[in-house]
Amino acid sequence: MPKPCLRWLMLALACAGTAHADDSCALRQPPASAGAYVTPGGFLLIHPRNAALPDDYSGCKQVWIMRAPGNTPLLMQLQFERGTRVMAQVFDGRGGAVPRARCAANDTEGACAGLAGNPLGQLHVPTWPRICAEDAERPECAQAPE
């Protein structure tokens with residue numbers, strides 16, 4: 001078995017036997033604790049936020065597009081092991097359940113190109129409280145994202 005396949009098999013077996021404290025890999029909708037990330041086109045919701053992420057975090061990080069309240073299709077699911085991204089699944093952002101691409105940590109071609117340099121592909125992504133996506137005038141929204 002080639003080394004990349006062996007690594008994926010080991011990761012799959014490790015994940016199958018490990019329940020993450022916040023069950024982040026099973027999320028399909030953003031929880032209330034998701035943070036707001038501002039883009040030129042609108043908001044993304046990210047869970048878990050930085051405050052819940054130790055540098056050696058193992059689990060999933062989800063990124064959703066906030067189209068409207070209740071309309072938040074999944075854009076990306078990142079898998080981390082001891083703080084290092086080992087996998088990313090990229091969705092079409094329109095609600096499709098099947099990923100358009102699965103990227104190992106070292107993939108640099110096709111749909112995976114640029115993921116390593118993209119801030120959304122990192123463990124720590126500064127976000128504002130989710131309420132800031134709906135009410136930017138709140139005092140906590142005037143602070144720097146954390």
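Just so it is clear, the structure is predicted and the values come from calculations on it, not from any experiment.

Caption draft 1: Representation of the confidence of the model for the protein in the model. When pLDDT is averaged along the protein, the result is 82, and 85% of the positions lie at 70 or above. Across the protein, element-level confidence peaks in strand β7 (residues 128-129) with a mean pLDDT of 96 and bottoms out in helix α1 (residues 3-16) with 38. Scored below 50 in pLDDT, residues 1-22 shows 17 contacts in the model against residues more than four places distant or in partner chains.

Caption draft 2: Structural context of the environment of P73. Along the chain, the position of P73 falls in the loop between β3 (59-66) and β4 (74-81). Classification of P73 as buried rests on a relative accessible area of 7%. Sequence spacing of P73 and G96 is 23 residues, and the spatial spacing of their C-alpha atoms is 7.8 Å. The residues contacting P73, other than those within four sequence positions of it, are W64, I65, R67, G93, R94 and G95.

Caption draft 3: Region of the structure containing unusual backbone geometry. Cis geometry marks the peptide bond from H47 to P48; its omega dihedral reads -5°. Position of P48 relative to the elements: it lies in the loop between β2 (42-47) and β3. A positive phi angle, near 50°, is found at R82, a position not held by glycine. Among the secondary structure elements, R82 is positioned in the loop between β4 and β5 (84-90).

Criteria and cut-off values
Residues numbered from 1 in each chain as written. Predicted model: local features only at pLDDT ≥ 70, side-chain atom pairs only at ≥ 80, totals over all residues. Heavy atoms only, no water. pLDDT = per-residue confidence, 0-100. Helix = DSSP H or I, 4+ residues; strand = E, 2+ residues; numbered from the N terminus. Contact = heavy atoms within 4.5 Å. Buried < 20%, exposed > 50% of the residue type's maximum accessible area, 1.4 Å probe, protein only.

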